[in-house]
Amino acid sequence: MRSFALLSTVAMLAFLPLTVEAQSADKVPPTVDAKTNIYFYQGEQALSEALKRTPNTGRARNIILFIGDGMGINSVTAGRIFAGQQRGLDGASYDLSFDKLPYTGFSKTYSTDKLVTDSANGISAITTGIKTINGAIGVDGTVVGKKCRGSLKARVQSVAELAKLKGLSAGVVTTAGITDATPAGAYGHTPYRNWRADSDLTAEAVENGCIDLARQLVEAPAAIRMDVALGGDLTKFLPDTDPRKGTRVDGRDLTKEWQGQSPSAQFVSSAADLKAVDATKTDHLLGLFADGDLPSPVDTAQHYDVPGLDDMTAKAIDVLAKNPKGYFLLVESASIDKWHHQNNAYRAMTDVDELSKAVQVAMQKTNAADTLIIVTADHSHGLVFSAGSTREEPIMGLARNHGKDELDGNGHGRTTLSYATGPGGPKDGVARPTPTEDEAVSPDYTQSAQTYVDSAQHAGEDVPIYASGPQAHLLTGTVESSYIYQVMAYALGVQP
Ligand SMILES: [Zn+2]
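Residues numbered from 1 in each chain as written. Predicted model: local features only at pLDDT ≥ 70, side-chain atom pairs only at ≥ 80, totals over all residues. Heavy atoms only, no water.

The protein chain appears in an unreviewed UniProt entry as Alkaline phosphatase from Asticcacaulis benevestitus DSM 16100 = ATCC BAA-896. In the Sequence similarities (unreviewed entry) part of its UniProt record, the protein chain is described as follows: "Belongs to the alkaline phosphatase family." (UniProt positions renumbered as here; feature names shortened; annotations may be inferred.)

As a further point, take the overall build of the protein chain. Each helix and strand in the protein chain was counted, giving 16 helices and 17 strands. Expressed along its principal axes, the backbone C-alpha trace of the protein chain runs to roughly 120 × 60 × 45 Å. A burial count over the protein chain gives 52% of its 496 residues as buried. The contacts of the protein chain with a sequence gap of at least 6 include a subset with a gap of at least 24, amounting to 71%. (Helix = DSSP H or I, 4+ residues; strand = E, 2+ residues; numbered from the N terminus. Buried < 20%, exposed > 50% of the residue type's maximum accessible area, 1.4 Å probe, protein only. Contact = heavy atoms within 4.5 Å.)

Backbone geometry places Asp-233, a non-glycine residue, at a positive phi of 95°. Mapped onto the secondary structure, Asp-233 falls in the loop between strand E4 (228-232) and helix H9 (254-260). With phi around 60°, Asn-343 is a residue other than glycine that occupies positive phi space. Relative to the helices and strands, Asn-343 resides in the loop between helix H13 (335-341) and helix H14 (345-365).

What follows concerns the packing of aromatic side chains. Within this structure, the stated rule accounts for three aromatic pairs. Lying across the ring of Tyr-103, Arg-53 places its NZ or CZ 5.9 Å from the centre. Above the face of the Trp-339 ring, Arg-347 is positioned so that its terminal group lies 5.2 Å from the ring centre. (Phe/Tyr/Trp six-rings, centres within 6.5 Å; stacked < 30°, edge-to-face > 60°. Lys NZ or Arg CZ within 6 Å of the ring centre and 35° of its normal.)

The subject of this paragraph is the confidence of the model for the protein chain. Taken as a whole, the protein chain shows an average pLDDT of 94; of its residues, 95% reach a score of 70 or greater. Under a pLDDT of 50 for its full length, residues 1-17 has, in the predicted model, zero contacts with residues more than four places off or in other chains. (pLDDT = per-residue confidence, 0-100.)

Between helix H4 (residues 119-128) and helix H16 (residues 483-492), whose axes approach to 5 Å, the crossing angle comes to 35°. Residue-level contacts link Ala-125, Ile-126, Thr-127 and Thr-128 of H4 to Ile-484, Tyr-485 and Met-488 of H16. Tallied by class, the residues present in the contact of H4 with H16 amount to five nonpolar, two polar and no charged. (Axes fitted to C-alpha atoms, helices over the stretch in contact; angles between N-to-C directions. Nonpolar A, V, L, I, M, F, W, Y, C, P; charged D, E, K, R; others polar.)

Let us look at the state of the cysteines. Under the counting rule described, the total for this entry stands at one disulfide. There is a disulfide in this structure between Cys-148 and Cys-210, and the S-S distance comes to 2.1 Å. The sign of the 95° torsion about the S-S bond sets the Cys-148-Cys-210 disulfide as right-handed. Note that Cys-148 is positioned in the loop between H4 and helix H5 (159-165) and Cys-210 in the loop between helix H7 (203-207) and helix H8 (213-219), a separation of 62 residues in sequence. For Cys-210, a relative accessible area of 8% corresponds to the buried category. (Disulfide = S-S within 2.5 Å.)

The zinc ion binds to the protein through Asp-337 (OD), Asp-337 (OD), His-341 (NE2) and His-458 (NE2); the donor distances cover 2.1 to 2.4 Å. Coordination at the zinc ion is irregular: its four donor atoms span angles of 57 to 150° at the metal. Mapped onto the polypeptide sequence, the residues donating to the zinc ion form the spacing pattern D-x3-H-x116-H. Within this pair, Asp-337 and its partner His-341 are both found in helix H13, separated by four residues, close to a single helical turn. When sorted by exposure, Asp-337 lands in the same class as His-341, which is buried. (Donors = N, O, S within 2.8 Å, 3.2 Å for Na, K, Ca; no water. Tetrahedral: all angles 85-135°; square planar, octahedral: opposite > 155°, others 65-115°.)

What follows concerns the pattern of salt bridges. A full pass over the atoms with the stated rule returns 35 salt bridges. Here Arg-193 ties to Asp-180 by a salt bridge, and the two come within 3.4 Å at their closest N and O atoms. Taken as a pair, Arg-193 in the loop between helix H6 (181-187) and H7 and Asp-180 in the loop between strand E3 (169-177) and H6 lie far apart in primary sequence, 13 residues in all. On the accessibility criterion, Asp-180 (7% relative accessible area) is buried. We note a salt bridge from Asp-278 to Lys-281, for which the minimum N-O separation is 3.4 Å. The partly exposed category is assigned to Asp-278, whose relative accessible area is 30%. On the accessibility criterion, Lys-281 (63% relative accessible area) is exposed. One network of salt bridges, in which partners are shared, links Asp-118, Asp-180, Arg-193, Arg-196, Asp-233, Lys-236, Asp-293 and Lys-338. (Salt bridge = Lys/Arg side-chain N within 4 Å of Asp/Glu carboxyl O.)

Attention shifts here to the side chain of Thr-190. As for its placement among the helices and strands, Thr-190 is situated in the loop between H6 and H7. In this structure the side chain of Thr-190 is engaged in a polar contact, spanning 3.0 Å, whose partner is the backbone oxygen of Tyr-192. Look past the residues within four positions of Thr-190 in its chain and what remains in contact with it is Ala-136, Ile-137, Val-139, Trp-195, Leu-213 and Gln-216. (Polar contact = N/O pair within 3.5 Å; in protein donor to acceptor, adjacent residues only side chain to side chain.)

As structure tokens, then:
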């Protein structure tokens, strides 16, 4: 007993210091040298850039508002990965041009009547500061859908028109038809977005004095008329007697009327003609490059002579920037939405890349000190991005896990990108066969959807806002879509 006690005392004395030492070593285990880690290094660089950042509280001479139609966060992330992989780079760590903009926020996109907005209210809220009903543009929420009566009194002014009234120039560029909802957000006022040519108007609309959007664009009073309009929809500007598939029943050729308004007005209808436009001699430029929407860049190389979104953006800036007072320009990458509606992720993601290129051109052609650049969306789409694939595996391909195709509970494979709703859904409840990898990565593949409908529905979650330049710091936090107008009007100094 005694010897045991002695032994344990000796043992305690012997082990005590050692135990303390072991405990302190336990507290701070050895680590790798973080400074040699790429993410740590990049984080340090990003922090040092962020610490240098000071808000630009000056007046904006120019504003360029980019809309990625239907570009929710999933479209940005998947678009970024796709763009990187198309260049043979690591997609996940690739940056789209607007990923680099210093200020970001979120926009709540709902309309006065719906949880999920369409593009009409979506853009109208952003350009006028006033939300309205789905389907309406440039009018407040008192209008009744598809009814002209009362809508003329519901008219609200867009930031583009306010800029014009203060002596600035204004323009609109899109890959959709120029009378589609988003571009019409710059110049249009209508209770119903589909009154695009006069042949679209109802008898009630004509009786109560509503006019079509093509006419609104061309015959707006000079004080608020757009100086540049580039996109598609040629057919809506030509009489139905015109062999270029004109649809107007009033016999008017609005392209000629545009040209007749000023000696420095021009109309062009091909990429080559747009390139040849001398911006120093052109003050009013109308370009209509397709019957309706512009084709995807995936297809243009083979069949069409249409300019890219970056080409149109560059020319618009060249024409507008001549005004020493500045300009407002709305640029829409419309086809993100158009192809999402078809569940064609390849072309939709291609158009996220097109938007990125157009923003890049705008950044190069303007001065960040005097130009507010905003990149946002009017609403999201039900794109789903979920798989166990590695970073090397193509985002357009089959979902993979540890080198094998990921199978669902029924033993079917699936693609990494899919949709909540759309034409890729199970028709008559019959699941589609699993595509091969070659089929999945093809530009023409229609991704699968959970629910079958002819055209995918928009999604209602908040969309991102990216901004740089004067007052860009005001576009942070979670804001109403209509708040973006307030920042633009304030930055330009054109509030009513
Ligand atoms: Zn849409």
